[in-house]
Amino acid sequence: MKLTPSKLNTFLFFKLPSAFISGVRVKEIDLQQCVVTVKHRWINQNPFKSMYFATQAMAAELTTGALVMNHIKGSGKKISMLVAQNKAVFTKKAMGRITFVCIDGYKIADALEKTIKTGEGQSFWMKSIGTDENGVQVSEMEFEWSIRLKAK
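Procedures and definitions
Residues numbered from 1 in each chain as written. Predicted model: local features only at pLDDT ≥ 70, side-chain atom pairs only at ≥ 80, totals over all residues. Heavy atoms only, no water. Phe/Tyr/Trp six-rings, centres within 6.5 Å; stacked < 30°, edge-to-face > 60°. Buried < 20%, exposed > 50% of the residue type's maximum accessible area, 1.4 Å probe, protein only. Axes fitted to C-alpha atoms, helices over the stretch in contact; angles between N-to-C directions. Helix = DSSP H or I, 4+ residues; strand = E, 2+ residues; numbered from the N terminus. Parallel < 35°, antiparallel > 145°, perpendicular 65-115°, else oblique. Left-handed = near helix turned anticlockwise from the far one by under 90°. Contact = heavy atoms within 4.5 Å. Nonpolar A, V, L, I, M, F, W, Y, C, P; charged D, E, K, R; others polar.

Draft legend 1. Up close: the packing of aromatic side chains. In total, this model carries four aromatic pairs according to the counting rule given. With 5.0 Å between their ring centres and 90 degrees between their planes, Phe13 and Phe14 make a pair best called edge-to-face. According to the relative accessible area criterion, Phe13 is partly exposed, its value standing at 43%. A centroid spacing of 5.1 Å and a plane angle of 80 degrees characterise the contact between Phe13 and Phe20, whose relative ring orientation is edge-to-face. Among the residues examined, Phe20 registers a relative accessible area of 23% and is labelled partly exposed.

And the structure:
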């Protein structure tokens with residue numbers, strides 16, 4: 001069963017309600033890229049009247065994590081996933097609708113293959129870039145994902 005934006009947004013509602021309430025929504029997903037948007041609103045603003053960094057982090061992480069989930073689902077194996085580290089750079093106030101895009105899906109297949117073949121955990125970095133409605137970059141975030149086979 002393929003992951004779709006609708007299924008992921010339902011997952012947000014039940015499993016990550018703070019992201020859902022903040023307005024984080026998946027718009028597109030395939031094996032190579034994921035697109036997530038979030039609009040600056042009162043519920044997700046900081047005292048400086050721009051989007052709170054944690055809201056941006058939720059949206060950015062979702063672009064990477066949804067890709068990992070999609071690959072794991074396709075593998076048919078029971079594999080756990082966890083964020084081990086993250087890095088963020090904020091370059092402009094996030095106002096209006098912010099779109100986060102991750103195009104690092106290609107990094108997952110190799111790590112999954114190694115984990116399944118060797119039984120050893122693997123880790124890899126994925127990047128998500130957030131841009132405003134004018135196409136201006138507002139933030140760039142990287143997440144190190146750790147995956148491993150679940151014990152039987």
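Draft legend 2. The packing of helix α3 (residues 53–75) against helix α4 (residues 106–118), seen in detail. At a minimum axis distance of 10 Å, the contact between α3 and α4 shows a crossing angle of 45 degrees. Taken together, the axes of α3 and α4 lie oblique to each other. Once α3 is placed against α4, the crossing between them reads as right-handed. Seen from α3, the contacting residues are Leu67, Val68, His71, Ile72 and Ser75; seen from α4, they are Ile108, Ala109, Leu112 and Ile116. Residue composition of the contact of α3 with α4, grouped by class: seven nonpolar, two polar and no charged.

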